[in-house]
Amino acid sequence: MTKTINRNHLRELESEAIFIMREIAAQFERPVLLFSGGKDSILLVHLALKAFHPAKIPFSLLHIDTGHNFAETIEFRDNLAKKIGADLIVGSVQKSIDKGRVTEETGVEASRNKLQTTTLLDTLEEIKADAAIGGGRRDEEKARAKERFFSHRDAFGQWDPKNQRPELWNLFNGRKNVGEHFRIFPISNWTEMDVWQYILMESIEMPSLYFTHKRQVFKRNGTWLAAEPYMQLKEGEEIVEMDVRCRTIGDVTCTGLSLSTADNLEDIVIEVAAARETERGGRSDDKRSEAAMEDRKKEGYF
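Residues numbered from 1 in each chain as written. Predicted model: local features only at pLDDT ≥ 70, side-chain atom pairs only at ≥ 80, totals over all residues. Heavy atoms only, no water.

Could you give an account of unusual backbone geometry, naming the residues involved and the relevant values?
Cis geometry is adopted by the peptide bond preceding proline 54, which originates at histidine 53 and carries an omega value of 5°. Assignment of secondary structure puts proline 54 in the loop between α2 (39–52) and β2 (60–65). Here the phi dihedral of lysine 128 falls at roughly 60°; this positive angle occurs in a residue that is not glycine. Inspection of the secondary structure assignment puts lysine 128 in the loop between α5 (116–126) and β4 (131–133). The phi angle at asparagine 221 is positive, at roughly 55°, despite the residue not being glycine. The residue asparagine 221 is located in the loop between β7 (213–220) and β8 (223–226) in this model. (Helix = DSSP H or I, 4+ residues; strand = E, 2+ residues; numbered from the N terminus.)

Before we move on, could you go through the nonpolar core and cite the residues and values that matter?
Nonpolar side chains in soluble globular proteins tend to end up buried together. Counting 61 residues, the largest nonpolar core has Phe150, Trp190, Trp196 and Met206 as the members making the most contacts within it. The element contributing the most residues to this core is α2, with 8 residues. Structurally, this core is a two-domain feature, drawing no fewer than three residues from each of domain 1 (9–194 + 290–299) and domain 2 (207–284). Counting 12 residues, the second-largest nonpolar core is a separate cluster that includes Val32, Leu62, Leu115 and Leu120. (Core = buried A, V, L, I, M, F, W, Y, C linked by side-chain atoms within 4.5 Å. Buried < 20%, exposed > 50% of the residue type's maximum accessible area, 1.4 Å probe, protein only. Domains from an automatic or database assignment.)

Outline the pairing of strand β1 (residues 31–34), supporting the account with residue identities and numerical values.
Residues Pro31 and Leu33 of β1 are buried on one face, and the alternating residues Val32 and Leu34, pointing to the opposite face, are buried as well. Relative to β4, β1 runs parallel, the two being bridged by 3 bridges. Each residue of the ladder has a partner; that of leucine 33, found in β4, is isoleucine 133. Two elements, β1 and β2, share 3 bridges in a ladder whose sense is parallel. Paired with leucine 33 across the bridge in β2 is leucine 61. Following the chain from β1 across α2 to the adjacent parallel β2, one finds a crossover that is right-handed. (Pairing = 2+ DSSP bridges. Right-handed = clockwise from strand over helix to strand, strands pointing away.)

Run through the packing of aromatic side chains, naming residues and quoting values.
Overall, the coordinates contain 6 aromatic pairs when judged by the stated rule. Measuring from ring centre to ring centre gives 5.7 Å for phenylalanine 28 and phenylalanine 182, while their planes differ by 55°; the resulting arrangement is tilted. Taken together, the positions of phenylalanine 28 in the loop between α1 (7–27) and β1 and phenylalanine 182 in strand β6 (residues 181–184) put the pair 154 residues apart, joining distant regions of the chain. For the pair phenylalanine 28 and phenylalanine 182, a shared accessibility class is recorded, and that class is buried. Put simply, the rings of Phe28, Phe150 and Phe182 pair up and form one aromatic cluster. (Phe/Tyr/Trp six-rings, centres within 6.5 Å; stacked < 30°, edge-to-face > 60°.)

Could you give an account of the packing of α1 against α2, naming the residues involved and the relevant values?
For the pair α1 and α2, interaxial distance at closest approach is 9 Å and the crossing angle is 75°. Judged by the angle between their axes, α1 and α2 are roughly perpendicular. Residues Arg11, Glu14, Ala17, Ile18, Met21, Arg22 and Ala25 of α1 lie in contact with α2, whose contacting residues are Leu44, Leu47, Ala48, Lys50, Ala51 and Phe52. When the residues that make up the contact of α1 with α2 are grouped by side-chain class, the tally is 9 nonpolar, no polar and 4 charged. (Axes fitted to C-alpha atoms, helices over the stretch in contact; angles between N-to-C directions. Parallel < 35°, antiparallel > 145°, perpendicular 65-115°, else oblique. Contact = heavy atoms within 4.5 Å. Nonpolar A, V, L, I, M, F, W, Y, C, P; charged D, E, K, R; others polar.)

Pulling in residues and values, what's your account of the environment of valine 93?
Locating valine 93 in the fold gives a position in helix α4 (residues 93–98). On the basis of relative accessible area, valine 93 is assigned to the buried category, the value being 0%. Sequence separation between valine 93 and lysine 114 is 21 residues; the distance between their C-alpha atoms is 10.0 Å. Excluding residues that lie within four positions of it along the chain, valine 93 makes contacts with Ile64, Asp65, Thr66, Arg112, Leu115, Gln116 and Thr119.

Right, dumping it as structure tokens:
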């Protein structure tokens with residue numbers, strides 16, 4: 001499989017992302033790297049390490065913890081931060097609920113995923129971050145295709161897709177007024193396949209969630225979900241044990257699991273090549289409305 005990887009293509013993407021990483025360090029005073037524990041944020045950490053080697057990466061890792069994350073995600077996050085010597089900042093959705101900043105949803109479809117927006121904006125303001133590096137890619141979801149590499153956010157942390165700055169000849173404008181910040185997406189031009197082929201080529205360590213494993217799950221609206229204690233079942237839903245893996249990792253309540261036999265990186269690449277649904281096709285939070293992602297991004301979501 002590694003012989004079929006277009007290494008020149010991947011090295012071009014790597015070079016572009018490293019260039020953007022260095023631009024961030026040059027233009028901003030307090031940038032942070034948004035870390036979810038998913039493959040794209042892990043890739044960003046790997047690229048940052050390359051960009052600034054042998055120095056320590058000049059970004060803190062910022063994780064917005066919903067309190068409903070996979071245990072494997074939290075373990076991987078803590079181990080990685082310790083391994084690379086990075087500062088880890090955790091914004092807690094539970095604390096936002098306790099402070100009355102947000103109201104927790106109720107019912108069997110309840111999710112804390114949308115509540116992350118307030119926690120994220122509050123945390124960015126608290127630490128006075130002027131740039132937040134994210135792993136969004138243009139092939140993930142149609143709203144993300146409207147992003148620039150340097151995506152301006154106003155003083156309220158909100159995004160206006162019709163008022164983004166032009167980016168010509170790899171010139172990035174990071175000028176901002178007091179209170180504003182940028183979301184920056186170094187891997188905008190990567191696809192899911194590029195990400196997995198690069199991970200395979202570089203032998204990047206990944207959380208066990210991405211590989212096929214046995215898990216207690218139940219099916220809802222055509223999607224397999226993890227049967228965690230805080231997940232409420234509807235009438236007729238039944239918990240079963242299946243061989244599954246994650247294509248994308250987020251809050252447990254909205255992260256769909258795929259039936260799979262891919263237990264190594266080469267098999268994952270083959271599986272992604274044959275897939276006929278986007279990786280976010282199993283994300284229930286994107287299905288709440290036709291413009292669910294764009295609405296959340298306008299409010300300040302990742």
